[in-house]
Amino acid sequence: MRKLKAIILCVLLLWLLCSTILRSCRANNLVCNEKEKQALLDPENQLSSWSIKDCCGWRGVHCSNASSRVLKLKLADLNLGGEISSALLKLEFLAHWDLISIPSFLGSMGSIRFLDLSSACFGGLVPPQLGNISNLRHLNLRGNGLFIENLSWISHLSSLKYLDIDGIDLHRGRHWLEPIGMLPSPLELHLSDYQLDSNMTSSLGYANFSSLTFLDLSYNSTNQELPNWLFNLSKYLDLSINSLHGNIPSSIGNLSSLSVLNLDDNPLINGTLPTSVGRLSNLIMFDYCSKVRIEV
(Lines give C-alpha, C1' and ligand atoms only; values in the text may rest on other atoms or scores of the structure.)
Protein backbone atom coordinates (compact mmCIF):
# COMPACT_ATOMS: atom_id res chain seq x y z
CA MET A 1 0.00 0.00 0.00
CA ARG A 2 2.85 2.40 0.88
CA LYS A 3 4.56 1.64 -2.43
CA LEU A 4 1.33 2.34 -4.34
CA LYS A 5 0.90 5.69 -2.56
CA ALA A 6 4.52 6.59 -3.36
CA ILE A 7 3.99 5.79 -7.06
CA ILE A 8 0.79 7.87 -7.19
CA LEU A 9 2.56 10.78 -5.49
CA CYS A 10 5.47 10.61 -7.96
CA VAL A 11 3.06 10.59 -10.91
CA LEU A 12 1.21 13.61 -9.55
CA LEU A 13 4.44 15.52 -8.97
CA LEU A 14 5.64 14.68 -12.47
CA TRP A 15 2.35 15.84 -13.97
CA LEU A 16 2.52 19.09 -12.00
CA LEU A 17 6.10 19.72 -13.13
CA CYS A 18 5.26 19.08 -16.80
CA SER A 19 2.19 21.32 -16.63
CA THR A 20 4.24 24.14 -15.13
CA ILE A 21 6.93 23.81 -17.82
CA LEU A 22 4.33 23.77 -20.61
CA ARG A 23 2.59 26.88 -19.24
CA SER A 24 5.92 28.63 -18.93
CA CYS A 25 6.91 27.76 -22.50
CA ARG A 26 3.53 28.88 -23.81
CA ALA A 27 3.78 32.17 -21.93
CA ASN A 28 7.31 32.80 -23.17
CA ASN A 29 6.30 32.21 -26.79
CA LEU A 30 3.16 34.35 -26.58
CA VAL A 31 3.70 37.74 -28.17
CA CYS A 32 0.73 40.02 -28.64
CA ASN A 33 -0.35 41.45 -31.96
CA GLU A 34 1.54 44.70 -32.63
CA LYS A 35 -1.55 46.51 -33.93
CA GLU A 36 -3.48 45.63 -30.79
CA LYS A 37 -0.56 46.62 -28.58
CA GLN A 38 -0.46 50.09 -30.16
CA ALA A 39 -4.23 50.40 -29.74
CA LEU A 40 -3.89 49.73 -26.02
CA LEU A 41 -1.06 52.27 -25.74
CA ASP A 42 -2.90 54.98 -27.68
CA PRO A 43 -1.86 58.40 -26.27
CA GLU A 44 -5.47 59.55 -25.98
CA ASN A 45 -5.99 57.29 -22.98
CA GLN A 46 -4.05 56.61 -19.81
CA LEU A 47 -3.37 52.91 -20.16
CA SER A 48 0.34 53.49 -20.83
CA SER A 49 1.32 52.34 -17.34
CA TRP A 50 1.75 48.92 -18.98
CA SER A 51 5.49 48.92 -19.51
CA ILE A 52 6.68 45.40 -20.36
CA LYS A 53 7.17 44.58 -24.02
CA ASP A 54 4.54 41.86 -24.46
CA CYS A 55 1.03 43.24 -23.96
CA CYS A 56 -0.29 39.72 -23.28
CA GLY A 57 1.54 39.95 -19.95
CA TRP A 58 -0.08 43.24 -18.95
CA ARG A 59 -2.37 43.23 -15.96
CA GLY A 60 -5.99 43.17 -17.06
CA VAL A 61 -5.18 41.97 -20.59
CA HIS A 62 -5.94 38.36 -21.54
CA CYS A 63 -4.83 36.90 -24.87
CA SER A 64 -5.61 33.72 -26.76
CA ASN A 65 -2.99 31.02 -26.21
CA ALA A 66 -3.43 29.97 -29.83
CA SER A 67 -3.46 33.29 -31.71
CA SER A 68 -2.04 35.85 -29.22
CA ARG A 69 -4.99 38.15 -29.99
CA VAL A 70 -6.58 40.11 -27.13
CA LEU A 71 -9.79 38.38 -26.04
CA LYS A 72 -10.53 40.00 -22.69
CA LEU A 73 -9.96 43.33 -20.92
CA LYS A 74 -10.58 43.63 -17.18
CA LEU A 75 -9.93 47.28 -16.38
CA ALA A 76 -12.33 48.05 -13.54
CA ASP A 77 -9.84 47.23 -10.76
CA LEU A 78 -6.80 49.03 -12.23
CA ASN A 79 -7.65 52.59 -11.06
CA LEU A 80 -7.05 53.95 -14.54
CA GLY A 81 -8.17 57.43 -15.55
CA GLY A 82 -8.84 59.44 -18.69
CA GLU A 83 -10.98 58.77 -21.72
CA ILE A 84 -10.98 55.36 -23.37
CA SER A 85 -9.91 55.89 -26.97
CA SER A 86 -11.71 54.62 -30.05
CA ALA A 87 -8.36 53.04 -30.98
CA LEU A 88 -9.60 50.03 -29.00
CA LEU A 89 -11.88 49.31 -31.97
CA LYS A 90 -8.78 47.62 -33.42
CA LEU A 91 -9.22 44.82 -30.85
CA GLU A 92 -11.38 42.91 -33.30
CA PHE A 93 -11.43 39.67 -31.27
CA LEU A 94 -12.33 41.29 -27.95
CA ALA A 95 -15.24 39.32 -26.46
CA HIS A 96 -15.14 40.17 -22.74
CA TRP A 97 -14.85 43.70 -21.36
CA ASP A 98 -15.04 44.75 -17.72
CA LEU A 99 -15.20 48.53 -18.10
CA ILE A 100 -14.33 51.57 -16.01
CA SER A 101 -16.45 53.97 -18.11
CA ILE A 102 -18.79 53.92 -21.10
CA PRO A 103 -17.03 55.03 -24.27
CA SER A 104 -19.22 56.51 -26.99
CA PHE A 105 -17.94 54.04 -29.58
CA LEU A 106 -18.93 50.95 -27.60
CA GLY A 107 -21.87 50.13 -29.86
CA SER A 108 -19.44 49.60 -32.75
CA MET A 109 -17.64 46.71 -31.03
CA GLY A 110 -19.74 43.88 -32.41
CA SER A 111 -17.44 41.12 -31.16
CA ILE A 112 -18.18 41.73 -27.46
CA ARG A 113 -20.00 38.88 -25.72
CA PHE A 114 -19.56 39.98 -22.08
CA LEU A 115 -19.98 43.57 -20.84
CA ASP A 116 -19.74 44.45 -17.15
CA LEU A 117 -20.28 48.07 -16.06
CA SER A 118 -21.13 47.25 -12.45
CA SER A 119 -17.74 48.30 -11.04
CA ALA A 120 -17.73 51.72 -12.71
CA CYS A 121 -18.09 54.93 -10.72
CA PHE A 122 -20.11 57.08 -13.06
CA GLY A 123 -23.68 58.20 -13.64
CA GLY A 124 -25.78 59.46 -16.50
CA LEU A 125 -27.73 57.97 -19.34
CA VAL A 126 -27.17 54.40 -20.50
CA PRO A 127 -26.39 54.92 -24.21
CA PRO A 128 -28.93 53.21 -26.48
CA GLN A 129 -26.02 52.33 -28.79
CA LEU A 130 -25.53 49.28 -26.58
CA GLY A 131 -28.35 47.76 -28.60
CA ASN A 132 -25.99 47.54 -31.58
CA ILE A 133 -23.84 44.87 -29.89
CA SER A 134 -25.87 42.07 -31.43
CA ASN A 135 -23.64 39.24 -30.12
CA LEU A 136 -23.81 40.36 -26.48
CA ARG A 137 -24.72 37.52 -24.12
CA HIS A 138 -23.99 39.06 -20.69
CA LEU A 139 -24.81 42.66 -19.70
CA ASN A 140 -24.32 43.96 -16.15
CA LEU A 141 -25.29 47.58 -15.39
CA ARG A 142 -25.91 47.02 -11.67
CA GLY A 143 -26.19 50.03 -9.34
CA ASN A 144 -23.71 52.63 -10.57
CA GLY A 145 -25.83 55.80 -10.78
CA LEU A 146 -27.06 55.23 -14.32
CA PHE A 147 -30.56 55.89 -15.62
CA ILE A 148 -32.44 54.61 -18.66
CA GLU A 149 -34.92 56.73 -20.61
CA ASN A 150 -36.05 54.05 -23.03
CA LEU A 151 -35.34 50.33 -22.94
CA SER A 152 -36.35 49.63 -26.54
CA TRP A 153 -32.71 48.99 -27.51
CA ILE A 154 -32.62 45.92 -25.24
CA SER A 155 -34.94 44.06 -27.62
CA HIS A 156 -32.20 44.15 -30.30
CA LEU A 157 -29.84 42.04 -28.16
CA SER A 158 -31.07 38.77 -29.58
CA SER A 159 -28.23 36.72 -28.04
CA LEU A 160 -28.62 38.09 -24.50
CA LYS A 161 -28.85 35.43 -21.78
CA TYR A 162 -27.93 37.42 -18.66
CA LEU A 163 -29.19 40.92 -17.79
CA ASP A 164 -28.57 42.76 -14.51
CA ILE A 165 -30.09 46.23 -14.09
CA ASP A 166 -30.48 46.11 -10.30
CA GLY A 167 -30.77 49.64 -8.90
CA ILE A 168 -31.03 51.37 -12.28
CA ASP A 169 -33.38 54.36 -12.41
CA LEU A 170 -36.17 53.48 -14.87
CA HIS A 171 -38.79 56.03 -13.83
CA ARG A 172 -38.14 58.18 -16.92
CA GLY A 173 -39.46 55.43 -19.19
CA ARG A 174 -42.84 53.80 -18.62
CA HIS A 175 -42.50 50.97 -21.11
CA TRP A 176 -39.74 49.12 -19.33
CA LEU A 177 -40.77 45.46 -19.38
CA GLU A 178 -42.02 44.97 -22.93
CA PRO A 179 -38.55 45.22 -24.58
CA ILE A 180 -37.11 42.75 -22.05
CA GLY A 181 -40.00 40.41 -22.79
CA MET A 182 -39.06 40.52 -26.48
CA LEU A 183 -35.68 38.88 -25.85
CA PRO A 184 -35.79 35.47 -27.59
CA SER A 185 -34.38 33.26 -24.82
CA PRO A 186 -33.06 35.01 -21.69
CA LEU A 187 -32.01 32.75 -18.84
CA GLU A 188 -31.27 35.10 -15.93
CA LEU A 189 -32.78 38.53 -15.18
CA HIS A 190 -31.84 40.74 -12.22
CA LEU A 191 -34.48 43.51 -12.05
CA SER A 192 -34.36 44.35 -8.35
CA ASP A 193 -34.80 47.89 -6.96
CA TYR A 194 -35.22 49.47 -10.38
CA GLN A 195 -36.61 52.69 -8.89
CA LEU A 196 -40.02 53.00 -10.53
CA ASP A 197 -42.60 55.40 -9.19
CA SER A 198 -44.95 53.70 -6.76
CA ASN A 199 -48.02 54.60 -8.82
CA MET A 200 -46.56 53.36 -12.10
CA THR A 201 -48.18 50.26 -13.55
CA SER A 202 -46.42 47.72 -15.71
CA SER A 203 -47.52 45.04 -18.13
CA LEU A 204 -46.35 42.04 -16.13
CA GLY A 205 -49.27 40.06 -17.48
CA TYR A 206 -47.95 40.23 -21.05
CA ALA A 207 -44.32 39.26 -20.58
CA ASN A 208 -43.02 36.15 -22.32
CA PHE A 209 -40.28 34.63 -20.18
CA SER A 210 -40.80 30.95 -20.87
CA SER A 211 -37.02 30.36 -21.12
CA LEU A 212 -36.14 31.98 -17.77
CA THR A 213 -34.57 29.98 -14.98
CA PHE A 214 -33.78 32.96 -12.67
CA LEU A 215 -35.81 36.11 -11.99
CA ASP A 216 -35.29 38.69 -9.24
CA LEU A 217 -38.02 41.37 -9.09
CA SER A 218 -37.57 42.16 -5.40
CA TYR A 219 -37.59 45.60 -3.75
CA ASN A 220 -39.87 47.21 -6.33
CA SER A 221 -43.27 48.88 -6.32
CA THR A 222 -44.96 46.45 -8.65
CA ASN A 223 -48.70 46.77 -8.08
CA GLN A 224 -50.04 43.87 -10.14
CA GLU A 225 -51.78 40.56 -9.76
CA LEU A 226 -49.56 37.52 -9.76
CA PRO A 227 -49.30 36.60 -13.49
CA ASN A 228 -49.28 32.93 -14.44
CA TRP A 229 -46.02 33.18 -16.42
CA LEU A 230 -44.11 33.79 -13.19
CA PHE A 231 -44.68 30.17 -12.32
CA ASN A 232 -42.94 28.82 -15.41
CA LEU A 233 -39.48 29.43 -13.98
CA SER A 234 -37.33 26.48 -13.06
CA LYS A 235 -34.76 27.56 -10.43
CA TYR A 236 -35.05 30.94 -8.71
CA LEU A 237 -37.94 33.38 -8.25
CA ASP A 238 -37.76 36.38 -5.89
CA LEU A 239 -40.81 38.70 -5.76
CA SER A 240 -40.32 39.91 -2.20
CA ILE A 241 -40.99 43.46 -0.95
CA ASN A 242 -43.52 44.44 -3.62
CA SER A 243 -47.21 45.29 -3.88
CA LEU A 244 -48.29 42.18 -5.76
CA HIS A 245 -51.79 41.01 -4.97
CA GLY A 246 -54.13 38.09 -5.55
CA ASN A 247 -53.94 34.40 -4.72
CA ILE A 248 -51.02 32.03 -5.15
CA PRO A 249 -52.13 29.75 -8.02
CA SER A 250 -52.13 25.98 -7.72
CA SER A 251 -49.86 25.87 -10.79
CA ILE A 252 -47.00 26.71 -8.41
CA GLY A 253 -46.75 22.95 -7.88
CA ASN A 254 -45.47 22.54 -11.45
CA LEU A 255 -42.15 24.15 -10.52
CA SER A 256 -40.52 20.84 -9.76
CA SER A 257 -36.95 22.17 -10.15
CA LEU A 258 -37.43 25.42 -8.22
CA SER A 259 -34.92 25.89 -5.39
CA VAL A 260 -35.78 29.45 -4.20
CA LEU A 261 -39.24 31.04 -4.02
CA ASN A 262 -39.60 34.32 -2.13
CA LEU A 263 -43.01 36.05 -1.92
CA ASP A 264 -42.38 37.70 1.44
CA ASP A 265 -43.54 41.25 2.27
CA ASN A 266 -46.34 41.41 -0.30
CA PRO A 267 -49.17 42.34 2.06
CA LEU A 268 -51.82 42.21 -0.67
CA ILE A 269 -51.18 38.55 -1.49
CA ASN A 270 -53.82 36.55 0.36
CA GLY A 271 -55.92 33.44 0.21
CA THR A 272 -54.76 29.91 0.89
CA LEU A 273 -51.39 28.38 0.21
CA PRO A 274 -52.21 25.58 -2.27
CA THR A 275 -51.34 22.02 -1.31
CA SER A 276 -49.50 21.70 -4.63
CA VAL A 277 -46.55 23.42 -2.90
CA GLY A 278 -45.83 20.00 -1.43
CA ARG A 279 -44.66 18.84 -4.87
CA LEU A 280 -41.71 21.26 -4.84
CA SER A 281 -39.19 18.59 -3.90
CA ASN A 282 -36.10 20.70 -4.74
CA LEU A 283 -37.16 23.77 -2.77
CA ILE A 284 -34.54 24.91 -0.23
CA MET A 285 -35.99 28.37 0.52
CA PHE A 286 -39.65 29.42 0.59
CA ASP A 287 -40.84 32.71 2.11
CA TYR A 288 -44.43 33.90 1.78
CA CYS A 289 -46.68 36.62 3.18
CA SER A 290 -48.04 36.01 6.66
CA LYS A 291 -51.57 36.77 5.41
CA VAL A 292 -51.56 33.59 3.33
CA ARG A 293 -53.31 30.76 5.13
CA ILE A 294 -51.90 27.24 5.08
CA GLU A 295 -54.40 24.72 3.84
CA VAL A 296 -54.68 21.62 6.00
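Let us look at the structure shown here. It should be emphasised that the depicted structure is a prediction, and the values quoted were computed from it without experimental measurement.

### Quick notes on the nonpolar core
Inference 1: Among the nonpolar cores identified, the biggest contains 68 residues, and L40, W97, L115, W153, I180 and L215 are the most heavily contacted of them.
Inference 2: Mapped by element, the contributors of at least two residues to this core are β1 (61-63), β2 (70-74) and α3 (177-181).

### A look at the side chain of N242
Inference 1: Relative to the elements of secondary structure, N242 occurs in the loop between β11 (236-238) and β12 (245-247).
Inference 2: Owing to a relative accessible area of 5%, N242 belongs among the buried residues under this scheme.
Inference 3: Within the structure, N242 has its side chain in polar contact with the backbone oxygen of L217 (distance 2.8 Å).
Inference 4: Only 3.1 Å separates the side chain of N242 from the backbone oxygen of L239, close enough to count as a polar contact.
Inference 5: If we ignore the near neighbours within four places in the chain, the residues touching N242 are L217, S218, Y219, N220, S221, T222, D265, N266 and P267.

### Remarks on the side chain of N140
Inference 1: Here N140 shows up in strand β6 (residues 138-140).
Inference 2: Looking at N140, the relative accessible area reads 9%, which means it is buried.
Inference 3: Separated by 3.0 Å, the side chain of N140 and the backbone nitrogen of R142 make a polar contact.

### Looking at the environment of H245
Inference 1: Among the secondary structure elements, H245 is positioned in strand β12.
Inference 2: Measuring from C-alpha to C-alpha, the distance between H245 and L226 comes to 6.3 Å, with 19 residues separating the pair along the chain.
Inference 3: Among residues more than four places away in sequence, those in contact with H245 are N223, Q224, E225, L226, L268 and I269.

### What about the state of the cysteines?
In a disulfide, the sulfur atoms of two cysteines are held together by a covalent bond.
Inference 1: Considering all chains together, one arrives at 2 disulfides under this definition.
Inference 2: The disulfide that involves C32 links it to C55, with 2.1 Å between the sulfurs. Sign of the S-S torsion, about 140° for the bond between C32 and C55, identifies this disulfide as right-handed. Of this pair, C32 sits in the loop between α1 (2-29) and α2 (34-40) while C55 sits in the loop between α2 and β1, and the two are 23 residues apart along the sequence.
Inference 3: Among the residues examined, C32 registers a relative accessible area of 6% and is labelled buried.
Inference 4: With relative accessibility at 0%, the residue C55 sits in the buried group.
Inference 5: Two residues share a disulfide in this structure: C56 and C63, whose sulfurs sit 2.2 Å from each other.

Quick notes on the rules
Residues numbered from 1 in each chain as written. Predicted model: local features only at pLDDT ≥ 70, side-chain atom pairs only at ≥ 80, totals over all residues. Heavy atoms only, no water. Core = buried A, V, L, I, M, F, W, Y, C linked by side-chain atoms within 4.5 Å. Buried < 20%, exposed > 50% of the residue type's maximum accessible area, 1.4 Å probe, protein only. Helix = DSSP H or I, 4+ residues; strand = E, 2+ residues; numbered from the N terminus. Polar contact = N/O pair within 3.5 Å; in protein donor to acceptor, adjacent residues only side chain to side chain. Contact = heavy atoms within 4.5 Å. Disulfide = S-S within 2.5 Å.

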